[in-house]
Amino acid sequence: MLVIVAPPLFKGGYLMNVLVFVGINTMLAIALNLLLGYAGQISLGHAGFFGLGAYLSGILTTTYGLNPWAAMPAAAGVVGCLAGLIGFPILKLKGHYLAMATLGLGIIIYIVFNETVEFTGGPSGLSGIPNLQLAGITFDSDVKNYYLIWGVTLAVMLFSLNLANSRVGRALRAVHDSEVAAQVLGVNSRILKVQIFALSAVISSLAGSLYAHTMTFISPASFGFNFSIELLTMVVIGGLGSVFGSFLGAALLTLLPEFLRGANDYDIIIYGALLVVMVMFMPGGLVRGIPALFRKIAARKGETGHA
Amino acid sequence: MNFKVMSFIIAAATLLFSATVFAAPPIKIGALFAVTGPAAFLGEPERNSAKMVIDEINKAGGVKGRKLELVAYDTTGDATKAVQLATKLIKDDKVVAIIGPSTTGETMAVIPVVEKEQIPLISCSAGSKITDPVKKWVFKTAQNDSLAVGRIYEYLQKTKQTNVSILTVSDGFGASGREQLKNQAAKYGITIVSDDTYGPKDTDMTAQLTKIRGVHSQAIICWGTNPGPAVIAKNARQLGIKTPLFMSHGVSSKKFIELAGDAAEGIKLPSGKVVVADLLPGSDRQKKSLMAFVKDYQKHYKAEGDHFGGHAWDAVMLIRNAVENGADSAAAIRDQLEKTRGFAGIGGSFTYSAQEHAGLGKDAFVLVEVKNKDWAIVK
Amino acid sequence: MQFDQILQYALSGLSTGAIYALIGIGFSIIYNATGIINFAQGEFVMLGGLLTLSSLELLKLPLWAAIPCAVAVSTVAGILFERLAIRPLRQPTPINLVIITIGGSILIRGLAMLVWGKDTHAIPPFSGDTPIAIGGATILPQHLWILGITLVTILINKVYFYHTISGKAMRACSYNRRAAGLVGIDVKRMVLFSFIISSAMGAVAGIIVAPLTMTAYDVGVMLGLKGFCAAIIGGMSSGISTVIGGLILGVLESLGAGLISSGYKDAIAFIILLLILFIRPQGLFGKADSERV
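Residues numbered from 1 in each chain as written. Chains lettered and ligands numbered in written order. Predicted model: local features only at pLDDT ≥ 70, side-chain atom pairs only at ≥ 80, totals over all residues.

Right, let's get into the domain arrangement of chain B. Residue and element names in this part refer to chain B. Along its sequence, chain B is carved into domain 1 (3-143 + 289-363) and domain 2 (146-271). In this assembly, 14 residues from domain 1 lie in contact with 15 residues from domain 2. Class assignment for the residues of the side of domain 1 that touches domain 2 results in four nonpolar, seven polar and three charged. (Domains from an automatic or database assignment. Contact = placed C-beta atoms within 7 Å. Nonpolar A, V, L, I, M, F, W, Y, C, P; charged D, E, K, R; others polar.)

Set out below in structure tokens:
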């Protein structure tokens, strides 16, 4: 409901552009949340899958002239397979080791983007990526892209909510709590983890392809280690294991730089401080912290009411 | 707080800061500079220079009775942000022209936006492909890296040192330079015997230099921006490499000499004339504006005005001249820019036309050498 | 391929590897005492270099005084970090710890950027920069300083951990925290000590490498990551294994850059990391972990 009302309010101004990014980031945050919040597996390299989706879709459409609607699923398919293959060895690891392994993976992917100049244009980026077209409408303005992106985002949100409440979702949470116990109960945790890793990668790839066709220009800089950290921050701040939390986190972190634009050099500090403070005082993320805060305030009011 | 209200407050505050009340509204010039981030050595002097010269113009009464107003945003060197902020400048701030961005990668990303929205862009980045092929709304004030490469190759051809090794950084600037080095080699009879790269954050290039030492080339051309080239200079010295070292205009600042220390002696590179302004003959057309710029920048910012800041200075002056000639809308400014003939700026003498939007010729670069921790012109 | 070239690659790789080793040991010490991977370790390396710069330029101290000064201040930063960020953590799950240390590292980096700006700065080498020839290769005096100081640091470490009470107490914590607590070891204090030692070591690493590679507010990121790789290769030990891990990493990286491709230099370290994690996660020298249910 919110989503539909927004465009007429902001009349195609710069904010529309920002909101498109909020949509893409929400998709990415949800993808990471599935892996991190539900299944409890840390990934510090998700920008890599995002980038792969963007570049594969971009290259297929520019160099090979494929229709974007064919390129996007093709890219998602490749990324999914890749994630599945890497997932097997990588998900044997736990905790910090997994974090570092995914970090390494993300960085390797980033370096590949930079070095394979003939395909990706290297550090100068890839331009001229075509916009998406559907039934005669070309998605080349912010408002149109806004509807497109948010359409997909809402679909992803519904899908994830469904997944979380299904048998698969419960099995995921069992693995999160105690992998050994889950295995004892008959959950094939290994296959499950790989599947969710691949699913997470596929959604990220989709977001990446959409990003490429909206921006018409991509460069490796957007897909590095820093962005993986940003995604992680979005998920943590929003709330692990909550789809709505992912939206909150994505919205906050995409809009924050806009507000902080005046504070130029200070934004990086605020960023780091936010991370630290959130983990210390609101480990459940905003989605649980804010209602909890309200409850605390309400409880206190109640107490003073009865002397 | 409603975002629209907030931006209104910020816009109002900006206007308030722009001095006193006027009859006609100010001319809003947008700017995209990489003030923070890896290209800060470009963006910061650019922003400083732009502010400085706009303040001076306004103090002298503005242009045709109207003040200039600078709306500058920091892109942090990120092409994606540059695109977003370009949209913001055009849609929210309603600027009539945009100066910048600072890097080639960002510029290439922003070009489709300004072409679509029909706002003139004067880029401060070096990539030749920005204006080649010519795009209707895109100009640049930074010298083409093709000219820089030409300068070096010309010298090498003259001194018969035609077997070269190239070592370029793996970012937009280095990639563009590498492209130019390879494309122009045949024209000057140069043979590239080895082609290596290094990362912008690398701290040790002895591996690449050891390889280069083994191929016995006659010159080593390094294309990058600080601190990489300084490390390369030091590594080369450590490895006892006696082959002459050439750098790009990316390090034509005192900072390079400071970082490389003794290892910088004897290194040659193409540079805009501003770093050797005081050494130029009196007959040089640019000498007057160069000396004025250096002095002004020193007074305002207590630092040396370098040739990066000059790009922004040139861009502002070019727009100012366009307005002086009667232009006050985006399209009119664009048309007037194309009519620029022989404007003696910091980067060189600018002449634009419908087919030429880069505006500078070979005289934009001089070959300089590091001698006694300072610059000297190479004859 | 000439022997000279390979020797050169190997020598450069050894000194880079020594730096990775120092940083890696820092990681291991904290991990062993607390189970935390301190993503901010790289930032202490950065602080060491930049603080030395300030001591030399602002306070005009001579080199032999500037270094201990810089190490001291970095250690204080380490203590603050532990006190403010790690100790108050209410739910120390691995995810929270990872995020808090990452957040902390961003914070430290941001503050450094504000104080020192974004420029790169050079620090004078300890004893001049005339190259020394070894076989057909050359190294600088600074390389010798790096190898020497690393060796000394390792020895000091060994003495501390095996021959002093507090060192042995820290080792006890790393084997089993609860048991250590039961025999009267103040575990919280050990955590503090581990941060002190690690930040000091990181700072030292940053200082000895700065004359070679110059220093800036963001040098910590990659160095920290590669130091971690060294620690993993060495199986998270605080002794000779991590040193060997670091040296191997440095040399392989250097050989790879020279013989295969210079663009992929950084990727080499991470590919090695992935291979080790996949094939032998306990490192080349460690013993396999068993999981408690």
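So, about the interface of chain C and chain A. Listed by partner, the interface residues are 35 residues for chain C and 30 residues for chain A. Counting residues per element, the ones that place at least two in the side of chain C that touches chain A are helix 4 (94-116), helix 9 (220-233) and helix 11 (265-279) of chain C. Broken down by element, the residue count for the side of chain C that touches chain A peaks at 15 residues, all from helix 4 of chain C. Along the lines of polarity and charge, the residues of the side of chain C that touches chain A split into 27 nonpolar, six polar and two charged. (Helix = DSSP H or I, 4+ residues; strand = E, 2+ residues; numbered from the N terminus.)

Attention now goes to the nonpolar core. In globular proteins that are soluble, nonpolar side chains generally tend to be buried together. Ranked by internal contacts, the top residues of the largest apolar core, which has 323 residues, are Ala86 and Ile98 of chain B. A per-element tally of this core places helix 2 (residues 14-38) of chain A first, with 17 residues. No fewer than three residues from each of domain 1 (3-143 + 289-363) and domain 2 (146-271) of chain B sit in this core. Setting aside chain neighbours within four positions, we find alanine 86 of chain B in contact with Leu32, Ile98, Val110, Val113 and Val114 of chain B. (Core = buried A, V, L, I, M, F, W, Y, C linked by C-beta atoms within 7 Å. Buried ≥ 20, exposed ≤ 12 C-beta atoms within 10 Å, placed from the backbone.)

The next thing to look at is the pairing of strand 10 (residues 268-271) of chain B. Residue and element names in this part refer to chain B. What you see with strand 10 is no split at all: Lys268 and Pro270 on one side and Leu269 and Ser271 on the other are buried throughout. For strand 10 and strand 13 (residues 366-371), the ladder comprises four bridges, and the chain directions are antiparallel. Residue pairing across strands places leucine 269 opposite valine 368, the latter belonging to strand 13. (Pairing = 2+ DSSP bridges.)

Residues and elements named next belong to chain B. Spatial ordering of the open sheet is given by 2-1-3-4-5, a layout of five strands whose pairing is parallel. With partners counted over all chains shown, the strands left at the sheet margins are strand 2 (68-74) and strand 5 (138-140), one partner each. When strand polarity is set aside, the average angle formed by the axes of neighbouring strands in this sheet is 25 degrees. Pairing of strand 1 (residues 27-33) with strand 3 (residues 97-99) involves three bridges; the strand directions are parallel. For alanine 31, the partnering residue across the bridge sits in strand 3 and is isoleucine 99. Packed onto the sheet, helix 11 (residues 307-324) meets strand 1, strand 3 and strand 4 (121-123) and runs at close to 160 degrees relative to strand 3. (Axes fitted to C-alpha atoms, helices over the stretch in contact; angles between N-to-C directions.)

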